[in-house]
Amino acid sequence: MLHGIDVSAYQSTAYGTDGSSFVFIKTTEGHSYVNPRLTAQTKTGRDAGLVVGFYHFLWPGNITAQAEYFVSKAPEKAGDLLAVDWETTGDGTHATNAEKDSFIRKVKALRPNNRVILYCNRSFWLTIDKTSYAGDGLWIADYTTAGKPRIKADWKFHQYTSDPHDKDVADFTTKAALQTWAKDA
């Protein structure tokens, strides 16, 4: 298992990278928010030689506009990962299964040379998801033993804790294997 983290505007631009092989950085939300620390957080990850991923917090509605907004703000580089964060919004709503699937497909059409994956928590995967569509891979949040999410589906990334920040593992034997998978979109 490889170790990594995910960061947003709540974390420092100089987050710790020791022992990490990858980082996911919150990029956008809806069709109006951009992480103000995106550029500096991206530089930190790239300078440390990490595989870098970017994610969009999906709102219900305006799926095409959100996908276009996300790819217009996420840096474009071969081998970067793109993800949709599918969970409950601050106002208690969430995108539908069809909207989630449509967003993944639209981002993949806009960025065919990047892997596009789904992030969601265990509860969403088991009780909200009805299509099991995760694009190029599933990034599951389940706060349990690292690398042992309590789901039966194949997964690529597992967020296993948020203490003191979001920590993840990837189901790859080496960083080179992750890099190869990421580049073979």
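To keep things clear, this report deals only with the structure shown in the data block.

Quick notes on helix α1 (residues 38-47)
Move 1: Buried within α1 are the following residues: L38, Q41, T42, T44 and G45. The buried residues of α1 occupy one face: seen down the axis, they fall within an arc of 155°. Set apart from the buried face of α1 by more than 90 degrees, the exposed residues are T39, K43 and D47.
Move 2: On the buried face of α1, the contacting elements are β1 (2-7), β2 (22-29), β3 (33-34), β4 (51-57) and α2 (63-73).
Move 3: Just downstream of α1, G49 is the residue with a positive phi angle, here 75°.

Here's the deal with the packing of aromatic side chains
Move 1: Counting across every chain of the model gives eleven aromatic pairs.
Move 2: A centroid spacing of 5.1 Å and a plane angle of 85° characterise the contact between W86 and F124, whose relative ring orientation is edge-to-face. On the criterion of sequence distance, the pair formed by W86 in the loop between β5 (81-85) and α3 (97-110) and F124 in helix α4 (residues 122-128) is long-range, its members being 38 residues apart. Assigned by exposure class, W86 and F124 land together as buried.
Move 3: Each residue in the set F22, F24, Y55, Y119, W139, F157, F172 and W181 is aromatic and connected to the rest through ring pairs, giving one cluster.
Move 4: Between the NZ or CZ atom of K100 and the centre of the ring of W86, over which it lies, the distance is 5.0 Å.
Move 5: Positioned above the aromatic ring of Y133, the side-chain terminus of R105 is 4.0 Å from the ring centre.

Let's talk about the pairing of strand β7 (residues 138-141)
Move 1: A two-sided burial pattern is seen for β7, the buried positions comprising L138 and I140 on one face and W139 and A141 on the other.
Move 2: Relative to β7, strand β6 (residues 115-121) runs parallel, the two sharing four bridges. Across the sheet, the residue bridging to L118 is L138, located in β7.
Move 3: Read as a crossover between parallel neighbours, the route from β6 over α4 to β7 is right-handed.

Some thoughts on the pairing of β1
Move 1: Burial analysis of β1 places five of its six residues in the buried class, the great majority of the element.
Move 2: The pairing of β1 with strand β9 (residues 167-170) spans four bridges and is antiparallel. Counted as the bridge partner of L2 is A170 from β9.
Move 3: Pairing of β1 with β2 involves four bridges; the strand directions are parallel. Bridged to I5 within β2 is V23.

Here we look at α2
Move 1: Those residues of α2 not exposed but buried are I63, Q66, A67, Y69, F70 and V71.
Move 2: Looking at the packing, one finds that the buried side of α2 touches β2, β3, β4, β5 and α3.

Details of the side chain of K100
Move 1: Looking at the element boundaries, K100 is found in helix α3.
Move 2: Judged by its relative accessible area of 0%, K100 falls in the buried class.
Move 3: A distance of 2.8 Å separates a polar atom in the side chain of K100 from a polar atom in the side chain of D129.
Move 4: Polar contacts involving the side chain of K100 include one to the side chain of T131, which spans 3.0 Å.
Move 5: With residues near it in sequence (within four places) discarded, K100 still touches L58, W86, L118, D129, T131 and Y133.

A closer look at the environment of K167
Move 1: Along the chain, the position of K167 falls in strand β9.
Move 2: K167 sits in the partly exposed class, given a relative accessible area of 26%.
Move 3: Separated by 24 residues in the primary sequence, K167 and Y143 have C-alpha atoms spaced 9.8 Å apart.
Move 4: Not counting the four nearest positions on each side in its chain, K167 is found in contact with G4, H158, Q159, Y160 and T161.

Calculation criteria
- Residues numbered from 1 in each chain as written.
- Predicted model: local features only at pLDDT ≥ 70, side-chain atom pairs only at ≥ 80, totals over all residues.
- Heavy atoms only, no water.
- Buried < 20%, exposed > 50% of the residue type's maximum accessible area, 1.4 Å probe, protein only.
- Helix = DSSP H or I, 4+ residues; strand = E, 2+ residues; numbered from the N terminus.
- Arc of directions from axis to C-beta.
- Contact = heavy atoms within 4.5 Å.
- Phe/Tyr/Trp six-rings, centres within 6.5 Å; stacked < 30°, edge-to-face > 60°.
- Lys NZ or Arg CZ within 6 Å of the ring centre and 35° of its normal.
- Pairing = 2+ DSSP bridges.
- Right-handed = clockwise from strand over helix to strand, strands pointing away.
- Polar contact = N/O pair within 3.5 Å; in protein donor to acceptor, adjacent residues only side chain to side chain.

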